[in-house]
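Coordinates in review
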Amino acid sequence: MNWEELIAGALVGTARRPPALGAEPGSALGEVLAAIDPADPEGAVLTAGAVLGLYRHAGVRLPADTGPPPPASPPEIRPHCSEAAAYRLDVMLAGRFRPVLEEWLGLVAAAERLVPPDRLPGLLQAATTSAGLRPLTAAVMGERGRWLAPLNPLWAWAAGGAEVDHAGTWATGSAAARRLLLGRMRAADPTAARELVASTWATEPPEDRAAFLALMATGLSMEDEPFLEAALDDRRKEVRLAAARLLWRLPESRLGARMAERARPLVRISRRRVESILPNSVDEATVRDGVVVKPPAGTGERAWWFHQVVAATPLHTWTDAPSRLVELADPLLRRAWAVAAANQHDQAWALALLEADDVDEPVLLEAVPHQRAVEVATQRVAHSGLTAAVVELLVHCPLPWGPRLSGAVVDRLGESVRRQGRPDAGAVVLRPRLADLGVRLDPSVARTATAELADHPPWWSDVVGWFLDLLTFRAEMREELPS
Amino acid sequence: MPTWTADQVASLAPDSSSIAAAREVAGPRLWSSTGHDGRAAWGQCRRYLAAVDLVDPAFSCTCPSRKVPCKHALGLLMLWTSSPEVVRPASAPPWVEAWLAARAKRAARAPAGTEKKPVDPEARARRMAGRAARIGAGLEELDLWLSDLVRHGLASAQGRPFHYWDDVAARMVDAQAPGVGSQVRRMASIVRSGDGWPGRLLAHAGRLHLLVEAWSRLDTLPPETQADLRTAVGWSWTSEEVLAAGPALADRWQVVARTVAEEERFRIQRTWLVGTATGRTALILDFVPVGAPLPAELVAGTVVDADLAFYPGAWPQRALVASVRGEPDSMSEWLGSPTLEAALAGHAAALAANPWLDRLPMVVADVVPVARESGWRARDSSGTAVDLRVDEHGWWTLAAVSGGRPVGLAGEWQDGALRPLSVWADRRLVALA
């Protein structure tokens, strides 16, 4: 009896197929099998199963591996980070401190260190789900990471040269996969990305067309202008609007020139005055260029039209010095210019507008030099405290913040948090934003913050605890990496 | 003074979320008034006072958590192991002294109540005979069930619901043969294990049948086989019985792998050791209820000078640590077999001695992990390969640590595949499971 026959019989059952217990004599195995009592067919099958199973298990022969051996990873040039630093990575990957991971990767890259091999799968996994971590991950994964990534299709983004099939994904991928692909391509090669979109534009459903346009904000340039100008005549309103909003950012566009024609009569500039003249109506052509007719609640329609036309007008239309114009302008005009300066990333205008206290356009901070942005933020914090508008501004303030701005924020934070009694409106706004501050503040203020916030009413304890944990964690992780 | 490693501390955690929580409170800035004096470590984290008895591990904290140890006690230990400069030698504050004194008092009282119940050898023999008979009756019932299975055919087993297996397993537990119970539950997973399952199921059922046969004539078998049968049915040994069974084996033992699994309401820790002088392998098994800390004296990647007492049997494998000398060292060399064939060579002898051995250790040097059509494998220098049974994370960790170069592997050989538990490369041991 051999193993295969035994199994075949056992599968159908002894009731239907009694075992045939013929055993070839002469071998030790044969003798054992020959001693099995055939009078009890079930016992005989079980015993034979035990004997043959063990015989095969004990005498197993391992297969030969015929495939080519894998190439070995080249040696590393940079050293690995310390075990303490790697352990901190484990903590971040485990979840709660995940918001700090990007900063940690930046520190490791700046210290010219690498993540140890056994941590690479976890890190690559994290960067696969959070695309924002990819450039820094690539910087700290070393030769081992470049060797490892191509082996797992999910990590193709880290595999470099061996690129994925763009055209294939674009033709057959899911909506999410196509958007992901377009976003990545826009960052790397905006022209190729636009040509990909244009190649299938006519057949795309409207919600995809609008989504693709939104993604084209990355890498936007005058090269995109003809395509966007054509999209202004799209059948669907949301597509037309998305195209117009992108063109508002391109001061050299044809749309910009048309808007300038509309805006000039609305802003009357003389030697001593700058006057805003509200339009009485908007025509079809203006609506085609992205001006929305219906105002939001609480805004008059003429003021709303004025705001949009000026915000969409290239700032170079106004030839006087921005500082003089801003000084003479009324609040309505200033706000429109602030939106224009933020959209067009115009540094001179952004600087001038930030001088005026009543402009709340946080994006302006991203248009001015880093040092100036931090100064402005510091002034606002010292002047107004942590109001909703200032917190919004802070979130747009580029990193690093440095000890001065961070110290100012902590001072004001202490005041807000220590205030007794019922939480006021400011506190209600601040509470959910505390973690946003905790990942941005310079960690050198951790000690001050711990002291400042030691006495807080119970209403604050959960968020303050988390805020201090974040700061402390970030301070400690710096100590583990040479700078 | 005991020094603990991060790994050791982590293994004290009642569950994995506690480890994560403890890591988060293990920052130096969250702690004040910390110190240790060799007997205990203590400190204040925010408003909670936490202390740990380092000699006879126990934990105290004023926080409301019901976990033992809580995240503060664990965090304190992590802080102490990672930043000894923060938890400095000091004399214990009064509240720590008071706690230790209360513990010492309780410890002194406890044995007084429990000990000195004279063991009546006759009563004991009666109890043992009674249990053997109950197990025997349970096994006979199992044999009828196995016969039915074979009579109706293994194919019929495929459509069975889980309770078909679980009911029998539960009856084996009632008959005081929990080891057989878990073997029966395993049959349920073998049926769902894909290609080749009928062969595996038949071999498994056959071995259970063999167990029933052997138990029915227990008295006629040699004492080692009797011991193996007792182990196989899950009749546990007391440490006194193990220590009395024979002389302990002294060696410098490498801790090559440690893995924790959850089963039913228990956590099971398996720690594999390799003797540097004797070449013997040993398995230390620890069971604790879910939520309780596991023993953590053996840390993977270290070498301990210890006496091991092996459980009786024809092929002694499981052992307990009778005594430890000195501090553990870091492992500096890998003692794995040079080829996979050599690593398997002892297995036939092991199975001949004890056919109910289910898992066998496998420690091998110089294998390269390779991904093939058929699955993940490890290939040795002679071109022979073994299939690896490993999850995604374990595989990618193994691949990353290897980088395509030969590494050492330690794991368990079961059902024709190797379950790798740790990898040795660049003079470091990395856990895979």
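Quick caveat, the model's predicted, so the values are computed rather than measured.

So, the overall build of chain B
- When helices and strands are counted, chain B shows 12 helices and 15 strands.
- The globule rule puts the C-alpha radius of gyration for 433 residues at 22 Å, and the 24 Å found for chain B is close to it.
- Seen through its principal axes, chain B has C-alpha atoms that stretch 70 × 60 × 45 Å.
- For chain B, buried positions account for 42% of its 433 residues.

Details of the sheet that holds strand 10 (residues 360-372) of chain B
All names here are of chain B.
- Pairing is antiparallel in the open sheet, where 6 strands are placed in the order 12-11-10-13-14-15. Only two strands of the sheet have a single neighbouring strand rather than two, namely strand 12 (385-387) and strand 15 (428-431). Going across the sheet, the axis of each strand differs from the next one's by a mean of 45°, ignoring polarity.
- Sheet analysis places strand 10 next to strand 11 (residues 375-380), joined by 6 bridges and oriented antiparallel. Within strand 11, the position partnered with Arg372 by the bridge is Gly375.
- Across the sheet, helix 11 (residues 340-353) is in contact with strand 10, strand 11, strand 12 and strand 13 (407-414); its angle to strand 10 comes to roughly 140°.
- Along the sheet, helix 12 (residues 392-402) makes contact with strand 10, strand 11, strand 13, strand 14 (417-425) and strand 15, crossing strand 14 at roughly 40°.

Quick word on the packing of helix 5 (residues 121-152) of chain B against helix 8 (residues 197-216) of chain B
All names here are of chain B.
- The geometry of helix 5 relative to helix 8 is characterised by a closest axis approach of 9 Å and an angle of 145° between their N-to-C directions. Handedness of the helix 5/helix 8 crossing: left-handed. On the side of helix 5, the interface is formed by Ile135, Gly136, Leu139, Glu140, Leu142, Asp143, Leu146 and Leu149, while helix 8 contributes Ala205, Leu208, His209, Val212, Trp215 and Ser216.
- Its residues assigned to classes, the contact of helix 5 with helix 8 comprises 9 nonpolar, 3 polar and 2 charged.

Describing the pairing of strand 5 (residues 249-263) of chain B
All names here are of chain B.
- Two elements, strand 5 and strand 8 (residues 302-310), share 6 bridges in a ladder whose sense is antiparallel. Bridge pairing links Leu249 to Leu308 in strand 8.
- Alignment of strand 5 against strand 6 (residues 266-275), held across 10 bridges, turns out to be antiparallel. Following the sheet pairing, Thr259 is matched in strand 6 by Arg270.

Here's the deal with the sheet that holds strand 1 (residues 31-36) of chain B
All names here are of chain B.
- Spatially, the 4 strands line up as an open sheet ordered 1-2-3-4, and their pairing is antiparallel. The sheet is open, and its two borders are formed by strand 1 and strand 4 (58-61), each paired with just one other strand. The mean inter-strand angle of the sheet, taken between neighbouring strand axes irrespective of direction, is 10°.
- Relative to strand 4, strand 3 (residues 48-53) is paired through 4 bridges, and the arrangement is antiparallel. Its bridge partner lying in strand 4, Asp53 is registered against Ala58.

A word on the environment of Met187(B)
- Within the secondary structure layout, Met187(B) lies in helix 7 (residues 178-191).
- In contact with Met187(B), not counting residues within four places along its chain, are Trp165(B), Leu201(B), His204(B) and Ala205(B).

Some details on the nonpolar core
- The biggest cluster of nonpolar side chains holds 169 residues, and the ones touching the most others in it are Val310(A), Trp337(A), Ala341(A), Leu353(A), Leu364(A) and Ala377(A).
- When near neighbours in sequence (up to four residues on either side) are disregarded, Val310(A) contacts Ala263(A), Leu266(A), Val267(A), Leu333(A), Ala336(A), Trp337(A) and Ala340(A).

Reading guide: rules and limits
Here the residue numbers are simple positions, counted from 1 along each chain's written sequence. Naming scheme: in the order in which they are written, chains are lettered from A and ligands are numbered from 1. Residues qualify for local features only when their pLDDT is at least 70, as the model is predicted, and side-chain atom pairs are given and counted only at 80 or more; totals for whole chains, interfaces and linings, by contrast, use all residues. Strands here mean DSSP runs of E at least two residues long; helices mean DSSP runs of H or I at least four residues long; both are numbered from the N terminus. Here the globule rule reads 2.2 Å times residues to the power 0.38, and the radius of gyration is calculated from C-alpha atoms. Using C-beta atoms placed from the backbone, we call a residue buried if 20 or more other C-beta atoms fall within 10 Å of its own, exposed if 12 or fewer do, and partly exposed for counts in between. Any two strands with at least two DSSP-identified bridges between them are counted as paired. Helix axes are fitted to C-alpha atoms over the stretch in contact, other axes to C-alpha atoms as well, and angles between N-to-C directions run from 0 to 180 degrees. Here the contact rule is simple: place C-beta atoms from the backbone, and any two residues whose C-beta atoms are within 7 Å are in contact. By definition, any crossing whose near helix is turned counterclockwise from its far helix by less than a right angle is left-handed, and any crossing with a clockwise turn is right-handed. Polarity classes work like this: nonpolar for Ala, Val, Leu, Ile, Met, Phe, Trp, Tyr, Cys and Pro, charged for Asp, Glu, Lys and Arg, and polar for all others, with Gly in that last group. To count as a nonpolar core, a set of buried Ala, Val, Leu, Ile, Met, Phe, Trp, Tyr and Cys residues must be joined through C-beta atoms within 7 Å.

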